[in-house]
Amino acid sequence: MTYSLVGWIHIGAAFAALGLGFINVVMKKGTPLHRLVGVFYVFAMLALNGAALSIYDMTGHFGIFHALAIFSLFCVAMGLWPAIFRKGEWIYRHYMWMGWSYFGLLAAAFAETMIRVPAFHVNSVARGFEVAIGASIVFSLFGGAFMKALGRSLPPRKPKIA
């Protein structure tokens, strides 16, 4: 995978998405720059996951990592939709879905690093799945706490009227 064109697209888009996502997490929200960086993040995620869906050298068939790529695309789409149409509590939905897309990306990057970097000696598919599941759990816990803390700066949510 690493030495194919698709592999290089996957890796390049991954690094771009990691950097762009980080910039958008730490920068002021709602500015024209935030929107521009967000558009590039979405395109990087599309390229990353599109490439991931065409890589089969690990198992030879559609597998859990392909399903996770589809889920990642779903998260990005669900985060983009409210920002485009701006209905109801769109800021909260945009924030949550894009936040989860980024923390999922961090979990995937950690798992990829553990599998691909020889110094970590994760050299079997089964061990790779264990690392990916563990990374997902850790990054989900960290991501949830981080997003809750940052979410306090969002406008207050309106109570639902029964």
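See above for the structure.
Just so you know, these numbers come straight off a predicted model, no measurement behind them.

Caption draft 1: A look at the overall build of the protein. What the protein contains, in helices and strands, is 5 helices and 0 strands. The secondary structure elements of the protein, listed N-terminal to C-terminal, are α-α-α-α-α. The buried share among the 162 residues of the protein stands at 33%. Long-range contacts, defined here as pairs at least 24 residues apart, represent 63% of the contacts in the protein between residues at least 6 apart. As displayed, the protein offers around 10300 Å² of accessible surface, 75% of which is attributable to carbon and sulfur atoms.

Caption draft 2: Summary view of the packing of aromatic side chains. Counted by the stated rule, this structure contains 6 aromatic pairs. Ring plane angle 90 degrees and centroid distance 5.4 Å describe the contact between Phe74 and Trp97, whose orientation is recorded as edge-to-face. Here Phe74 is found in helix α3 (residues 64–85), whereas its partner Trp97 is found in helix α4 (residues 90–116), with 23 residues between them in sequence. With a relative accessible area of 40%, Phe74 lands in the partly exposed category. Residue classification places Trp97 among the partly exposed positions, given a relative accessible area of 25%.

Caption draft 3: Local environment of the packing of helix α2 (residues 32–52) against α4. Relative to each other, α2 and α4 sit at 50 degrees, their axes nearing to 12 Å. Of the possible angle classes, the one that applies to α2 and α4 is oblique. Of the two possible hands of crossing, α2 and α4 adopt the one that is left-handed. Contacts between α2 and α4 involve His34, Tyr41, Val42, Met45 and Leu48 from the former and His94, Met98, Ser101, Tyr102 and Leu105 from the latter.

Caption draft 4: Geometry of the nonpolar core. If you look at the biggest cluster of nonpolar residues, it comprises 15 residues, and the most contacted ones within it are Ala17, Tyr41, Met45, Leu48 and Leu105. Sort the elements by how many residues they give to this core and α2 lands first, with 6 residues. If we ignore the near neighbours within four places in the chain, the residues touching Leu105 are Ala17, Leu18, Tyr41, Met45 and Leu48.

Conventions we followed
For every chain, the first residue of its written sequence is number 1, and the numbers climb from 1 along that sequence. The predicted origin of the model limits local features to residues at a pLDDT of at least 70 and limits the giving and counting of side-chain atom pairs to 80 or more, whereas totals for whole chains, interfaces and linings rest on all residues. Excluding hydrogens and water, the side-chain figures rest on all heavy atoms present in the structure. Helix and strand assignments come from DSSP, with helices taken as H or I runs of at least 4 residues and strands as E runs of at least 2, each series counted from the N terminus. Each residue is assigned to one of three classes by its accessible area relative to the maximum for its type, calculated with a 1.4 Å probe on protein chains only: buried under 20%, partly exposed between the two thresholds, exposed over 50%. Note on contacts: a residue pair qualifies if any of its non-hydrogen atoms lie within 4.5 Å across the two residues. Using a 1.4 Å probe, accessible areas were evaluated by the Shrake-Rupley method; residue-level cover was limited to the displayed protein chains. For Phe, Tyr and Trp, where Trp contributes only its six-membered ring, two rings pair if their centres lie within 6.5 Å, and the inter-plane angle classes them as stacked under 30 degrees, edge-to-face over 60, or tilted in between. Helix axes are fitted only over the stretch in contact, all axes being lines through C-alpha atoms; the angle between N-to-C directions runs from 0 to 180 degrees. Here roughly perpendicular refers to angles of 65 to 115 degrees, roughly parallel to angles under 35, roughly antiparallel to angles over 145, and oblique to all remaining angles. Here a crossing is taken to be left-handed if its near helix is turned anticlockwise relative to the far helix by less than a right angle, and right-handed if that turn runs clockwise. Residue types Ala, Val, Leu, Ile, Met, Phe, Trp, Tyr and Cys, when buried and joined through side-chain atoms within 4.5 Å, form a set referred to as a nonpolar core.

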